[in-house]
Amino acid sequence: MYLSSTSSSNSSHASHVGNFSNHHFIDMPEISDLSHAYFADFDEKTEIAAKTPTRMGSYQFTVVPFQAAKGILMQVERHGQRIISAHLPAMFTRGELLSASMRVRDTEYLLVAANSASKMIASGKRWLGIFRADGKNVYANVFDQQLMQIKPNQDGISMLFLNGDRMRIKL
């Protein structure tokens, strides 16, 4: 896995990072629609419902309260086998959970994004986890920045943040 990021303060990239009208990602959506743009370019994607099993292809997601740690427990099954059991902190309890899947060099990856329930964009948190189809954790991170979109590439993903920063993850 390879991580790289580009800040809008980097002068060599600033001319095309901050200009969303010519940007190759998306036109600037309304703030309330940002989470729905996350996985817009993925063929398989879903919004994960709390307390109700949600299906996406061969995956089934179950999210339940996890009282001991005051958070939520996200469980993912594939073909009837539990492959992921992940605790998410309390800040994500009433937020949104979204998922998408993709293939990179004959390997299937499951992406899960979580938004905190904060109504204020500046104080909200975002979490992104990337897992192989067998459930092995490849990447997980909490972001303070507002994540606008995740795009699939031939070798991984590219992410665009509201402030113009970009990040690329090669798998």
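As the structure is a prediction and not an experimental result, all values here were calculated from the model.

K.L.:
Which parts of the structure should I look at to understand unusual backbone geometry?
P.N.:
Of note in the backbone geometry, histidine 79 takes a positive phi value of approximately 55° without being a glycine. For histidine 79, the location among the structural elements is in the loop between strand S5 (71-78) and strand S6 (81-88). Overall, the relative accessible area of 61% leaves histidine 79 in the exposed class. Its identity as a non-glycine residue notwithstanding, aspartate 106 has a phi of 65°, on the positive side. Within the secondary structure layout, aspartate 106 lies in the loop between strand S7 (96-104) and strand S8 (107-115).

K.L.:
What's the story with the environment of alanine 113 in this structure? I'm lost.
P.N.:
For alanine 113, the location among the structural elements is in strand S8. On a C-alpha basis, the gap between alanine 113 and leucine 98 in space is 5.2 Å, while along the polypeptide they are 15 residues apart.

K.L.:
Before we go on, may I ask you to explain the sheet that holds strand S3 (residues 54-56) in this structure?
P.N.:
Hydrogen bonds between backbone groups are what pair the strands of a sheet, and the pairing can be parallel or antiparallel. Strand order in this open sheet of four strands is S3-S4-S5-S6, and the pairing throughout is antiparallel. Whereas interior strands pair on both sides, the edge strands pair on one side only; in this sheet they are S3 and S6. Sheet twist, expressed as the average angle between the axes of neighbouring strands with direction ignored, equals 25°. Note that strand S4 (residues 59-66) and S5 share eight bridges and pair antiparallel. Along S5, the bridge assignment pairs glutamine 60 with glutamate 77.

K.L.:
I would appreciate a short explanation of the nonpolar core in the present structure.
P.N.:
Side chains of nonpolar character tend, in soluble globular proteins, to be buried together. Counting 22 residues, the largest nonpolar core has Phe39, Leu111, Leu128, Ile130, Ile150, Ile157 and Met159 as the members making the most contacts within it. Counting only elements with at least two residues in this core, the list comes to S7, S8, strand S9 (126-132), strand S10 (137-143), strand S11 (147-152), strand S12 (156-161) and strand S13 (166-170). Here this core gets four residues from one element, more than from any other, and that element is S7. If you look at the next biggest cluster of nonpolar residues, it comprises 20 residues, including Tyr59, Phe61, Ile72 and Met74.

Conventions adopted
Residues numbered from 1 in each chain as written. Predicted model: local features only at pLDDT ≥ 70, side-chain atom pairs only at ≥ 80, totals over all residues. Heavy atoms only, no water. Helix = DSSP H or I, 4+ residues; strand = E, 2+ residues; numbered from the N terminus. Buried < 20%, exposed > 50% of the residue type's maximum accessible area, 1.4 Å probe, protein only. Pairing = 2+ DSSP bridges. Axes fitted to C-alpha atoms, helices over the stretch in contact; angles between N-to-C directions. Core = buried A, V, L, I, M, F, W, Y, C linked by side-chain atoms within 4.5 Å.

Fair warning: the whole summary comes from geometry, so function is off the table for now.
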